[in-house]
Amino acid sequence: MVALKDIAADCRVSVATVSKALNNHSDIGEKTKAQIQRVAKEMGYFPNSAAKALKTNRTWNLGVLFVDDAQSGLTHDYFSYVLDSFKRTAEQKGYDITFINCCKTRENRMSYLEHVRHRGFDGVVIACIDFYDPEVTELVRSKIPLVTIDHLFHNRIAVMSDNVKGMKDLLTFVYERGHRRIAYIHGADSSVTQNRLSSFYRTAEELGLTIPDAYVREAAYRDTQAAFSETQELLRLARRPTCILYPDDFASFGGINAIKEQGLRIPEDISIAGYDGIRIGRHLEPQLTTLRQNTRQIGADAAKSLIDLIEKPKTKVIQQITVAGEVFEGKTVGFLETDFKE
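First, a word on scope: everything that follows refers to the structure included in this document. (Residues numbered from 1 in each chain as written. Predicted model: local features only at pLDDT ≥ 70, side-chain atom pairs only at ≥ 80, totals over all residues. Heavy atoms only, no water.)

So, about helix α10 (residues 224–236). Taking 1.5 Å per residue, 13 residues should reach 18 Å; α10 reaches 18 Å between its end C-alpha atoms and fits that length. Those residues of α10 hidden inside the fold are in contact with β6 (182–186), β7 (216–218), β8 (243–245) and α11 (249–261). Where α10 begins, the side chain of Asp223 points an oxygen toward the backbone nitrogen of Gln225, at a separation of 3.2 Å. (Helix = DSSP H or I, 4+ residues; strand = E, 2+ residues; numbered from the N terminus. Expected span 1.5 Å × (residues − 1). Contact = heavy atoms within 4.5 Å. Polar contact = N/O pair within 3.5 Å; in protein donor to acceptor, adjacent residues only side chain to side chain.)

With 17 residues, helix α12 (residues 295–311) should cover 24 Å at 1.5 Å per step; its first-to-last C-alpha distance of 24 Å lies within 8% of that length. By the criterion of burial, α12 is predominantly enclosed, with twelve of the 17 residues buried. Where α12 is concerned, the buried positions are Thr295, Ile298, Gly299, Ala300, Asp301, Ala302, Ala303, Ser305, Leu306, Ile307, Leu309 and Ile310. (Buried < 20%, exposed > 50% of the residue type's maximum accessible area, 1.4 Å probe, protein only.)

Bringing the pairing of strand β3 (residues 123–127) into the picture now. Across the five residues of β3, five count as buried, placing the element largely inside the fold. Of the two faces of β3, the one carrying Gly123, Val125 and Ala127 and the one carrying Val124 and Ile126 are both buried. As defined by bridge partners, strand β1 (residues 61–66) adjoins β3 across five bridges and the pair is classed as parallel. Residue Phe66 lies in a different strand from β3, and its bridge partner there is Ala127. Pairing of β3 with strand β4 (residues 146–149) involves four bridges; the strand directions are parallel. Counterpart to Ile126 in the pairing with β4 is Thr148. Handedness of the crossover joining β3 and β4 through helix α7 (residues 134–141): right-handed. (Pairing = 2+ DSSP bridges. Right-handed = clockwise from strand over helix to strand, strands pointing away.)

Let us look at the environment of Gly281. With respect to the helices, strands and loops of the structure, Gly281 is situated in the loop between β9 (271–273) and β10 (290–292). Residue classification places Gly281 among the buried residues on the basis of a relative accessible area of 2%. The spatial distance from the C-alpha of Gly281 to the C-alpha of Gly208 is 30 Å, given a sequence separation of 73 residues. In this structure Gly281 touches Gln287 and Leu288, once residues within four positions along its chain are discounted.

Let us look at unusual backbone geometry. That bond from Ile266 to Pro267 is cis: its omega, 5°, falls within 30 degrees of zero. Put simply, Glu285 and Pro286 share a cis peptide bond, and its omega is 5°. The residue Arg12 is not glycine, and still its phi comes out positive at about 60°. With respect to the helices and strands, Arg12 occurs in the loop between α1 (4–11) and α2 (15–22). For Arg222, which is not a glycine, the phi torsion comes out positive at approximately 65°. Take Arg222: it is sitting in the loop between β7 and α10.

Scope: geometric values only; no functional claims are made or implied.
Here is the structure:
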């Protein structure tokens, strides 16, 4: 392994001068600095990360706490894109990312906070987890720089998809296509679900829609079987809906199967819309109508906010950052003539 003294010997300067050149100090000549940096690169020198951490009290490593009840991991379409954007942005700013061990069945496992301290992470991003877990609460209450995605703590930076506006835009889009009997299969209880459901009812009221209780049902996010069953129940109603909204695009695939099983066509006989805007939905036939969330912006904002919190702790404002999505029209919401609206 190449050391500073090796570079110093080759350049015939002191170890202190080499250190200043590699750290881009201004109190040595540009010619000398350039020579030292060139020689260091040619010799294959890399600073020892452990030594650098001791000197700067930084590891340049960010922890990611991510797990969902369905155990889908990074196959979770929405969060995989968010975390990919987070990773790319962090890497551009010189940081690595490491996943925090979430396996609670392992013997002698550390708590989330213990793991973060053991690894020496400079900061942590939390996404898609039980935010009411005591271990999560312990981590949030610590002094470690931390950003949450799609969940709000009063003393922490949160990056949120605008679920209120997203649901309003999606329901309004369906309404403007002539639909008046609109059902909503929402996800399991969470702050995201609460915001979307409240926005659904509020927008329906603004549009003058009456939503029967039987039209609002629950199926866990990404649960195609539950979405299949709830769709069957909606289709059995004497006055069935003309359009069904699903908790997410992946769950809507279960609904599509239930509709096809009844011999119905989408959108000629019944319309549907998802939520998220995952890539596979654009390859369906017909193309899925959905609310496309801006995963790239969410991930990038989370990384930038966390790094600012680490590097500028005295000036970074604790705030909620809201990222808007947009309706992707697709082809699964058809137009209804006036006579068929009611």
